[in-house]
Amino acid sequence: MSAEQGGGAPRTTSRAAVPASRCYWFRAKPSGLGWDLPLCWQGWVVFVLALVAIVASFVLFPPNRQLVPFLAVHGGIVLVVLMAFLWKGEPLRRG
């Protein structure tokens, strides 16, 4: 008899029970705000690509000669990585 038919309390899911189709790329930090190192290869790809983009920006837009493009590229990198954290990262813990 199911919970809808009055056969007892409804089943609840805990935070630890993650569907197999939901794989987080980044784990939330246990304390504080933010995410930890990647959990799977997709997260490592995002991590490495961001590092490569930062190094390349120093070569392509030297900050002592092209400060505005340099800062714009770094701002874009930060936004893309933040979007990846929000989209594929574990929900942040409160408190």
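Data block above holds the structure.
Keep in mind that what you see is a predicted model, and the values were worked out from it rather than measured. (Residues numbered from 1 in each chain as written. Predicted model: local features only at pLDDT ≥ 70, side-chain atom pairs only at ≥ 80, totals over all residues. Heavy atoms only, no water.)

Judged by nonpolar contacts, Trp-25, Phe-26, Trp-35, Cys-40, Val-46, Ala-50, Ile-77, Val-81, Ala-84 and Phe-85 together constitute the single largest core of 10 residues. Non-local contacts of Phe-85, meaning those with residues more than four positions away in its chain, are made with Phe-26 and Trp-35. (Core = buried A, V, L, I, M, F, W, Y, C linked by side-chain atoms within 4.5 Å. Buried < 20%, exposed > 50% of the residue type's maximum accessible area, 1.4 Å probe, protein only. Contact = heavy atoms within 4.5 Å.)

Another aspect to go through is the state of the cysteines. If you walk through the whole model with that rule in mind, you get zero disulfides. Take Cys-23: it sits in no disulfide, and the sulfur closest to it among the cysteines is that of Cys-40, at 4.0 Å. When its relative accessible area of 41% is taken as the criterion, Cys-23 is described as partly exposed. (Disulfide = S-S within 2.5 Å.)

Looking now at the environment of Leu-33. Within the fold, Leu-33 resides in the loop between β1 (26–28) and β2 (35–38). The class of Leu-33 is exposed, set by a relative accessible area of 69%. For the pair Leu-33 and Leu-92, spaced 59 residues apart in the sequence, the C-alpha separation amounts to 7.1 Å. (Helix = DSSP H or I, 4+ residues; strand = E, 2+ residues; numbered from the N terminus.)

Let's shift gears to the packing of helix α1 (residues 41–60) against helix α2 (residues 67–88). The geometry of α1 relative to α2 is characterised by a closest axis approach of 10 Å and an angle of 175° between their N-to-C directions. Our classification of the angle between α1 and α2 gives roughly antiparallel. Residue-level inspection shows Val-46, Ala-50, Ala-53, Ile-54, Ser-57 and Phe-58 of α1 in contact with α2, the latter providing Phe-70, Val-73, His-74, Ile-77, Val-81 and Ala-84. Residues belonging to the contact of α1 with α2 are distributed by class as follows: 10 nonpolar, two polar and no charged. (Axes fitted to C-alpha atoms, helices over the stretch in contact; angles between N-to-C directions. Parallel < 35°, antiparallel > 145°, perpendicular 65-115°, else oblique. Nonpolar A, V, L, I, M, F, W, Y, C, P; charged D, E, K, R; others polar.)

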